[in-house]
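One-letter residues, chain by chain:
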Amino acid sequence: MAENFVDIVGFQLEKIHTGMIAWLLDSERSPLPVHEQAVLVKKLAPDLLQGKEVTSTKSVREYSFGRSLRIDLVLEIFLKDQTKSCILIECKTDSDVSVKQLEKTAEAFSAKNSSVPFSVIALAVGAGQFTLMHQLHDIQRLGFHAIDVRCALEIFSRLSIAGTTRTYDDWIASLQAELTRSARIDTALAGLDHPWNIRSVKTGYRTGFATFYMFYARLRACLNKGPFQEWAIYSGRNNPVLNWQKGWIGAGSENDALGLYWEFNWDAFCLKAEIDKQNTACWERWQKIRPRIVELCAKCPNAGRPTANRRGTWVTTYKWKFNFCKEEPVAIARKTADILSHLHKHLQSVT
């Protein structure tokens, strides 16, 4: 069987996906008839055209506003009434979706094209799709749209060129494979010795953040069935994060600028502190309460370990290591809930 060109070039490359959409929705080179292009446009932005008839489409990749800003893909939609509308697509594969980036995109385009109606889409077709959930309310409140892998398949599958155009067939197959990979991440890791094992690449996985985002998504689904809900997946700069959004603990007065919070970093569940290290009083207070926090954590039936007492803004105080290759998400979620049940309320009383 011939290799899938998307896998050869690299699924994680955003230009693969914007390039396919640009090809499908540019009337001068699209293999689709105009009426089918119009159907796709209406699926992408159902609230944009309001019943108007599409006569042609044009795609502009890397739409530029000078050096300061580029939009991954702009679709220009020409209408029968001689007007034009646009769809702005910011594509993410394995990196985080950013609401701020979507806002900047909308503001810059509006400033340059004040009379052109437009719609903004966050297209997340890789592991970055799992950074959408905790931001969906803000994305929708701002009038933007979010499309993940499943939604992309619903929009772009079963076009008239299916089975006749290999580039299209390969792309759709690659999206379906990504959906399957995400759903099977725990099974895929179960046969490895650690999540960074290069063997997983042979089955299409990308090691590092992408693998952990996928596993975190499975773990989040289990956690959200328990008493401790609302978890966010995002990048902590140097590490992937699964943060319990409702788990913030203020340790002292607001002037202390000191707080505790819970999150997974890589394969460890961590109790962390945010400290204003430039505030001498805050830092001194942290040195006083830290031993008490460590003592409380040490009494937890689930064994963990304290970390070195380092100076910083975001410091890990105590951590519980898990083995994502040997423990199923439901078991990890159960142990995480046990840790929070034993400690969270007690930490709230630390003075």
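Structure: above.
None of these values were measured; they are calculated from a predicted model.

### Notes on the overall build of the protein chain
Okay, step 1: Across its full length, the protein chain holds eleven helices and twelve strands.
Okay, step 2: With the C-alpha coordinates aligned to their principal axes, the bounding extent of the protein chain is approximately 70 × 50 × 35 Å.
Okay, step 3: Taking all 351 residues of the protein chain together, the buried fraction comes to 51%.
Okay, step 4: Expressed as a percentage of contacts within the protein chain between residues at least 6 apart in sequence, the contacts between residues at least 24 apart total 60%.
Okay, step 5: Surface accessibility of the protein chain: about 17100 Å² in total, with carbon and sulfur atoms responsible for 50%.

### Re the sheet that holds strand β1 (residues 54-64)
Okay, step 1: Spatial ordering of the open sheet is given by β1-β2-β3-β4-β5, a layout of five strands whose pairing is mixed. Strands at the two margins of the open sheet, each flanked by one partner only, are β1 and β5 (145-147). When strand polarity is set aside, the average angle formed by the axes of neighbouring strands in this sheet is 25°.
Okay, step 2: Where strand β4 (residues 118-124) meets β5, three bridges bridge the pair, whose relative direction is parallel.

### A look at the pairing of strand β3 (residues 84-92)
Okay, step 1: Summarising burial for β3: eight of the nine residues are buried, a large majority.
Okay, step 2: With six bridges connecting them, strand β2 (residues 70-79) and β3 associate as antiparallel partners. From the neighbouring strand, Leu75 faces β3, where its bridge partner is Ile87.
Okay, step 3: In textbook terms, the turn of a hairpin is the stretch between consecutive antiparallel strands, and for β2 and β3 this stretch comprises four residues, one of which, Gln82, has a positive phi near 75°.
Okay, step 4: In the sheet, β3 pairs with β4 via seven bridges, with the strands oriented parallel. Residue pairing across strands places Leu88 opposite Val120, the latter belonging to β4.
Okay, step 5: The parallel pair β3 and β4 is bridged by helix α4 (residues 99-112), and the resulting crossover is right-handed.

### Looking at the nonpolar core
Okay, step 1: By size, the foremost hydrophobic cluster in this structure holds 51 residues, and its most contacted members are Trp262, Phe264, Trp286 and Trp320.
Okay, step 2: A per-element tally of this core places helix α9 (residues 209-223) first, with nine residues.
Okay, step 3: When neighbours within four sequence positions are excluded, Phe264 is seen to be in contact with Tyr216, Leu219, Trp231, Pro240, Val241, Leu242, Phe269, Phe322, Phe324, Ile332 and Thr336.
Okay, step 4: If you look at the next biggest cluster of nonpolar residues, it comprises 41 residues, including Ile16, Leu48, Leu49 and Tyr168.

### Observations concerning the pairing of β4
For a regular strand, side-chain orientation follows a simple rule: the groups alternate between the two sheet faces.
Okay, step 1: Within β4, six of the seven residues are buried, which leaves it mostly tucked inside the rest of the structure.
Okay, step 2: Taken together, β4, helix α5 (residues 136-141) and β5 constitute a β-α-β crossover, and its handedness is right-handed.

### Digging into the environment of Val9
Okay, step 1: Relative to the assigned elements, Val9 resides in helix α1 (residues 5-9).
Okay, step 2: Overall, Val9 belongs to the partly exposed group, its relative accessible area being 46%.
Okay, step 3: As a C-alpha pair, Val9 and Val201 span 192 residues in sequence and 14 Å in three-dimensional space.

### A look at the environment of Pro33
Okay, step 1: Structurally, the position occupied by Pro33 is in the loop between α2 (14-24) and α3 (34-44).
Okay, step 2: Residues Pro33 and Ile147 lie 114 residues apart in sequence; the distance between their C-alpha atoms is 24 Å.

### A look at a positive patch on the surface
Okay, step 1: On the surface, a cluster of positive charge is made up of Lys15, Arg29, Arg61 and Arg70.
Okay, step 2: Here Arg61 lies in strand β1.

### Details of the packing of aromatic side chains
Here a ring pair, both rings aromatic, is described through the centre-centre distance and the interplanar angle of the planes.
Okay, step 1: For the coordinates displayed, the defined rule picks out 23 aromatic pairs.
Okay, step 2: Between Tyr216 and Phe324 the ring centres are 6.4 Å apart and the planes differ by 80°, which places this aromatic pair in the edge-to-face class. With Tyr216 in helix α9 and Phe324 in the loop between β12 (314-321) and α11 (329-348), the pair connects residues that are 108 residues apart, well separated along the chain. The burial state of Tyr216 is the same as that of Phe324; both residues are buried.
Okay, step 3: Geometrically, the ring pair formed by Trp262 and Phe269 is stacked, given 5.4 Å between the ring centres and 15° between the ring planes.

### Some points on the pattern of salt bridges
Okay, step 1: For the structure on display, the rule yields 13 salt bridges.
Okay, step 2: Here Glu178 makes a salt bridge to Arg181, at a shortest N to O gap of 2.7 Å. With Glu178 and Arg181 both in helix α7 (residues 166-183) and three residues apart, the pair spans about one turn of that helix.
Okay, step 3: By relative accessible area, which is 0% here, Glu178 ends up buried.
Okay, step 4: Residue Arg181 is classed as buried on the basis of its relative accessible area, which comes to 9%.
Okay, step 5: Salt bridges here are not isolated pairs; linked through shared partners, they connect Asp94, Glu178, Arg181 and Arg206.

Rules of the game
Each chain has its residues counted from 1, running along the sequence as written. The predicted origin of the model limits local features to residues at a pLDDT of at least 70 and limits the giving and counting of side-chain atom pairs to 80 or more, whereas totals for whole chains, interfaces and linings rest on all residues. Note: side-chain values were computed over all heavy atoms of the structure, leaving out hydrogens and water. Put simply, DSSP H or I for four residues or longer makes a helix, DSSP E for two residues or longer makes a strand, and each gets a number counted from the N terminus. For each residue, the accessible area found with a 1.4 Å probe, counting protein chains only, is set against the maximum for its type, and the residue is called buried under 20%, exposed over 50%, and partly exposed in between. For this analysis, residues touch if any pair of their heavy atoms sits within 4.5 Å. Note on areas: Shrake-Rupley, 1.4 Å probe, and residue coverage restricted to the protein chains presented here. Two strands are counted as paired when DSSP detects at least two bridges linking them. Whenever a helix is involved, its axis is fitted only over the stretch in contact; in every case the axis is a line through C-alpha atoms, and angles between N-to-C directions fall within 0 to 180 degrees. By convention a crossover is right-handed if, when the strands point away from the viewer, the path from the first strand over the helix to the second runs clockwise. Working definition of a nonpolar core: buried Ala, Val, Leu, Ile, Met, Phe, Trp, Tyr and Cys residues. They are joined through side-chain atoms within 4.5 Å. Residues enter a patch when their relative accessible area is above 30% and they make no salt bridge; the linking distance is 9 Å between like charges and 5 Å between nonpolar side chains (Val, Leu, Ile, Met, Phe, Trp, Tyr). A side-chain nitrogen of Lys or Arg and a carboxyl oxygen of Asp or Glu constitute a salt bridge if their distance falls within 4 Å. By the counting scheme adopted, Arg and Lys are positive, Glu and Asp are negative, and His together with the chain ends is not counted. One atom stands in for each charge, and that atom is NZ of Lys, CZ of Arg, CG of Asp or CD of Glu. To pair, rings of Phe, Tyr and Trp, with the six-membered ring standing in for Trp, must have centres within 6.5 Å; the planes then decide the type, stacked if under 30 degrees apart, edge-to-face if over 60, and tilted in the middle.

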